[in-house]
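# Architecture at a glance
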Amino acid sequence: MVASIIEDAALMAGVCIAPYEPARQAAIVKWLAAHLIASTNGAAGTGAGSLTSMSLGDASETYAKAALTGEGLRATHFGQQALLLDTLGGLARLGRPRASAEVI
C-alpha cells in the first residue's frame, strides 16, 4: 500500500518537480507521500486535532495535537514541507484551474 502511495505522489508531482535535481525530487515525493498517508488516515489536522493517549494501570494521559487549518497540501505538516522544498511553486498550483484569455 505504501509503495503505491509513493508512486501516486511521484505522479502527482510529475512536471512540478522535473526541473529539480534528483535529491530534491526524491525529498518532495517523500513529503508528498507522507501527506497523502496522513490525509487518508484522518490525521490531516482538521477539526479538533488528533488525539493521543497512553495508559498504564489506573493512570492515563491524553493530549490533543494542534489542528492545522489549511487546505490541500497546507493541511498537514508533511504537505507544508513539500511546498517549502518546491521553490518554483508548482505544487501550490496543483488542482487550480488554468487561467485563460479570450480575444474578442
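Our subject is the structure listed above.
These notes cover the structure that comes with them. The model shown is predicted, which means the values in this text are computed figures rather than measured ones.

This model, assessed by the stated rule, comprises one aromatic pair. Aromatic pair Trp31 and Phe78: ring centres 6.2 Å apart, planes at 25 degrees, arrangement stacked. Of the two residues, Trp31 sits in helix H2 (residues 22-40) while Phe78 sits in helix H3 (residues 77-85), which places them 47 residues apart along the sequence. The class of Trp31 is partly exposed, set by a relative accessible area of 27%. For Phe78, a relative accessible area of 33% puts it in the partly exposed group.

Applying the stated criterion to the full structure yields one salt bridge. In this structure, the salt-bridge partner of Glu21 is Arg24, at a minimum N-O distance of 3.6 Å. Taking the relative accessible area as the measure of exposure, Arg24 reaches 24% and is therefore partly exposed.

Taking the largest bend as the criterion, helix H1 (residues 2-17) deviates by roughly 35 degrees, centred on Leu11. All of the buried residues along H1 are Ile5, Ala9, Ala13, Cys16 and Ile17.

As a further point, take the packing of H1 against H2. Contact geometry of H1 with H2 gives a least axis separation of 8 Å together with a crossing angle of 125 degrees. The orientation of H1 with respect to H2, classified from their angle, is oblique. Of the two elements, H1 crosses H2, and the hand of that crossing is right-handed. Residues Val2, Ile5, Ile6, Ala9, Ala10, Met12, Ala13 and Ile17 of H1 touch H2, and the partners they reach there are Gln25, Ile28, Val29, Leu32, Ala33, Leu36 and Ile37. Here the contact of H1 with H2 is built from residues that sort into 14 nonpolar, one polar and no charged.

Rules of the game
- Residues numbered from 1 in each chain as written.
- Predicted model: local features only at pLDDT ≥ 70, side-chain atom pairs only at ≥ 80, totals over all residues.
- Heavy atoms only, no water.
- Phe/Tyr/Trp six-rings, centres within 6.5 Å; stacked < 30°, edge-to-face > 60°.
- Helix = DSSP H or I, 4+ residues; strand = E, 2+ residues; numbered from the N terminus.
- Buried < 20%, exposed > 50% of the residue type's maximum accessible area, 1.4 Å probe, protein only.
- Salt bridge = Lys/Arg side-chain N within 4 Å of Asp/Glu carboxyl O.
- Bend = angle between axes of the 7 residues up to and from the residue.
- Axes fitted to C-alpha atoms, helices over the stretch in contact; angles between N-to-C directions.
- Parallel < 35°, antiparallel > 145°, perpendicular 65-115°, else oblique.
- Left-handed = near helix turned anticlockwise from the far one by under 90°.
- Contact = heavy atoms within 4.5 Å.
- Nonpolar A, V, L, I, M, F, W, Y, C, P; charged D, E, K, R; others polar.

Shape is all these values report; function is a separate question.
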